[in-house]
Amino acid sequence: MLTADSDSVLRLVEIEGRGRALVAAQPLKAGQIILRDSPIVVYSAFPLVKSRSSASYCGNCFRTLSSSSVNVMACPSCSHHHRFCSPNCLTVASASSHSPWVCQALSRLRDCPSLVSQPLERQVQARFLIAAYNLALISPSDFQVLLSLQGQDSPSDAPAVQFLHSLISSVCPPPSLSITIELTAALLAKDKLNAFGLMEPISLQQDGQRSVRAYGIYPKASFFNHDCLPNACRFDYLDSALDRNTDFIVRTIHDVPQGREICLSYFPVNLNYSARQKRLAEDYGFTCDCDRCKVEANWSDNEAEDVNDNGNIEEEEDEGEEIMDEDSDEQMGSDLEHGAEGGEADFPHAYFFVRYMCNRDNCGGTLAPLPPSDDAPSKILECNVCGNLKNEDDE
Ligand SMILES: C[S@@+](CC[C@H](N)C(=O)[O-])C[C@H]1O[C@@H](n2cnc3c(N)ncnc32)[C@H](O)[C@@H]1O
């Protein structure tokens, strides 16, 4: 199931209570690229009707469109909506992600007031369903891979499923494919658990917050389980001029022994215990009992925490060490303090924050060394969110 390359470094196994998982098939070096995975489906994270001020991206590769480029091509059927960075991207998209049916379906959905008045999440789900049904038409084998990923529909999703299913069935049914409400529900469940955000480069963000430009579903990367102190992290280079700019690239954060499970963190590592548990229970349906959670579950100040609507922790002012997203330095300080109190068992936890968490304001990214050269580990660590480079000797 894994490619020849990743086969030699990663092994797919089943772990009781965790489902499928990827483990190191050999000892891994810090910074080593352990997976490069191409998406089976990519779709835009933007509302169906884009505002005039929003930046433009190629409808095929999702790179930023340069307004001065003479190569930019518009789709001849929907020229005011979809543009492509080159004639090649237009040709590729016309036979795949922007087929005549997708073009027509998105145009019709844009004209549906009942959908465009919905919150962004619902509109993006509609985009995903169009992309997924298109996958069934153009690549039945990839569609089966999508259906084989983890994710069960839940009763709480029923209203969204019902709404989107009847809308697509009536407004833009895919040709020669019979879609059922069960299939729509299954697809949305796969999307919820397995879609990874392809982020705007931080340089394009005015406020320091990084938003999602597109979502991708990756057949192999979908097998990574979560750990609140991950041993690997994912890099994306959406605006890279190199080929395969939507690939998912995973590098180890530190050395990993053979047989150890490789885990990513499903969200920024600076969230605290309550916020992490809430997110994992609500979005991924499990309770995390990783080493970090075992330690933090015993911290008495969790009792005083209160999770707000954004998943951030609100505390009384005199106990305000853990308001993660507002000041990650405070969070780091707090973790170090707890690490020191907790003795040796807590130490790796505190060490992780000092060494592998980006300390730029509002970043929240994780640092991993650059790939080793000639087996010598790199001393340069790269942040997977802002791209900042840090020399470990500068600590
Ligand atoms: C993207 S999938 C990861 C691969 C999945 N284990 C599988 O069998 O395909 C996410 C799901 O894996 C499971 N999972 C991930 N991390 C876990 C963990 N630390 N403990 C228990 N289950 C976990 C949860 O069911 C979660 O919804």
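Whatever comes next refers back to the structure up there.
Residues numbered from 1 in each chain as written. Predicted model: local features only at pLDDT ≥ 70, side-chain atom pairs only at ≥ 80, totals over all residues.

Engineer: Outline the sheet that holds strand β3 (residues 33-37), listing residues and values.
Structural biologist: Sheet architecture is open: three strands sit in the order β3-β11-β10, paired in antiparallel fashion. Two strands lie at the open edges of the sheet, namely β3 and β10 (232-235), each paired on one side alone. Sheet twist, expressed as the mean angle between neighbouring strand axes with direction ignored, is 20°. (Pairing = 2+ DSSP bridges. Helix = DSSP H or I, 4+ residues; strand = E, 2+ residues; numbered from the N terminus. Axes fitted to C-alpha atoms, helices over the stretch in contact; angles between N-to-C directions.)

Engineer: Got a sec to walk through helix α8 (residues 181-194)? Specific residues and values, please.
Structural biologist: Taking 1.5 Å of rise per residue, 14 residues should cover 20 Å, and α8 covers 20 Å from first to last C-alpha, within 8% of that figure. Buried within α8 we find Thr184, Leu187, Leu188, Lys190, Asp191 and Asn194. Projected down its long axis, α8 carries its buried residues within an arc of 155°, all on one side. (Expected span 1.5 Å × (residues − 1). Buried ≥ 20, exposed ≤ 12 C-beta atoms within 10 Å, placed from the backbone. Arc of directions from axis to C-beta.)

Engineer: Explain the site of the ligand to me, using residue names and the numbers behind them.
Structural biologist: Around the ligand, the structure places 17 residues, and the nearest of them are Gly19, Arg20, Gln150, Asn225 and Tyr284. Elements with a contribution of two residues or more to the shell around the ligand: β2 (19-24), α8 and β9 (225-226). Counting residues per element, the shell around the ligand draws most heavily on β2, at three residues. A per-class count over the shell around the ligand returns six nonpolar, eight polar and three charged. Each of domain 1 (41-198) and domain 2 (285-354) gives at least three residues to the shell around the ligand. (Near = placed C-beta within 6 Å. Nonpolar A, V, L, I, M, F, W, Y, C, P; charged D, E, K, R; others polar. Domains from an automatic or database assignment.)

Engineer: Could you give an account of the sheet that holds strand β8 (residues 212-217), naming the residues involved and the relevant values?
Structural biologist: The sheet built from three strands is open, its strands ordered β4-β8-β7 with antiparallel pairing. The open sheet has two edge strands with one neighbour each: β4 (41-44) and β7 (195-199). On average, each strand axis in the sheet is tilted by 30° relative to the strand beside it, whichever way the strands run. As paired elements, β4 and β8 share four bridges and run antiparallel to each other. Within β8, the position partnered with Val41 by the bridge is Ile217.

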